[in-house]
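Summary of the model geometry
Chain by chain, the residues run as shown.
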Amino acid sequence: MSVTLLKGATARLGGRSVLDGVDLDLRPGDLVALCGPNGAGKTSVLRAALGLMRLDAGAAPLTALPDRIRAERAAYLPQDRRIAWNLPAVEVAALGAPFLTGEAALERARAMLEAVGVGALADRGVVEMSGGERARVLLARALVSPAPMLLADEPAAGLDPDARLLVMERLRQRADGDQAVLVSLHDLGLAARFADRVVVMHQGRIAVEGAPLQALRSQTLKDVFGLTGRWIDGPDGPLLSTRRA
């Protein structure tokens, strides 16, 4: 059964329209990639769905729930990777399971740190880590949550190629385990390779949505991204060849 995240969502920030009549549903078992150029409204979709941004019109059904129930329904990985306190990675990751305590929370946190390739750093302070290592710790924090939905904002941004693939593989595993995953991405190749559905945002609206290569067809690449491009069949999935239009 699909879950409605946004219905007719409209919002403005600083006098500029960032969402304009957006409807968005998620289904358990699906990984949905939210794509679009900078300023298209991707982050606004995620924040509005979770009640972190006020809507001028429309609805975000999750926001009607009490905070505790909302936290049980949806895990969130924000784009901002700043962490104010130099806590050990395992304690930061354990924050993703607020309804577990003590050893149960720490055990799950250590397992997720292992899953994202930083298990050896579990007891190191996060401020002492590289940006890429800290990004993995924050992903582990989101994966610790047993919530049926996971919303991740640019989790692959700024990571090396191996880390980008690792992030997407873990999100894909979550979707295959019947979690509903919504992830914003700039890397269209990753979207095509890992997503079940791509939602393309443009100027606060959903320009097109569908299966990855349908949503990211040549006309969309030109109209939304300003690219001339074509998809090539690769041994591990579709590859995008592009140039500026």
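See the structure shown above.
All figures in this text were calculated on a predicted structure; none of them were measured in a lab.

Looking at unusual backbone geometry
Of note, Glu-154 is a non-glycine position whose phi angle comes to about 50 degrees, a positive value. On the accessibility criterion, Glu-154 (6% relative accessible area) is buried. Phi is positive for Gln-203, close to 55 degrees, though the residue is something other than glycine. Structurally, Gln-203 is set in the loop between strand S8 (197-202) and strand S9 (205-210).

Comments concerning the environment of Arg-217
Along the chain, the position of Arg-217 falls in the loop between helix H8 (212-215) and helix H9 (218-225). A residue is classified by how much of its surface remains accessible, and Arg-217, at 39% relative accessible area, is partly exposed. Arg-217 sits 13 residues away from Arg-230 along the chain, and the two C-alpha atoms are 7.7 Å apart.

What about helix H6 (residues 161-176)?
For H6, built from 16 residues, the straight-helix expectation of 22 Å at 1.5 Å per residue is met to within 8% by its first-to-last C-alpha distance of 22 Å. Taken together, the buried positions of H6 are Ala-163, Leu-166, Val-167, Met-168, Arg-170, Leu-171, Arg-172, Arg-174 and Ala-175. For H6, the secondary structure elements touched by its buried residues are strand S3 (31-35), helix H4 (102-115), helix H5 (131-144), strand S6 (149-153), strand S7 (180-185) and helix H7 (188-194). Where H6 begins, one side-chain oxygen reaches toward the backbone nitrogen of Asp-162, 3.2 Å away; that side chain belongs to Asp-160. The first or second residue beyond H6 is Asp-178, which carries a positive phi of 80 degrees.

Procedures and definitions
Residues numbered from 1 in each chain as written. Predicted model: local features only at pLDDT ≥ 70, side-chain atom pairs only at ≥ 80, totals over all residues. Heavy atoms only, no water. Buried < 20%, exposed > 50% of the residue type's maximum accessible area, 1.4 Å probe, protein only. Helix = DSSP H or I, 4+ residues; strand = E, 2+ residues; numbered from the N terminus. Expected span 1.5 Å × (residues − 1). Contact = heavy atoms within 4.5 Å. Polar contact = N/O pair within 3.5 Å; in protein donor to acceptor, adjacent residues only side chain to side chain.

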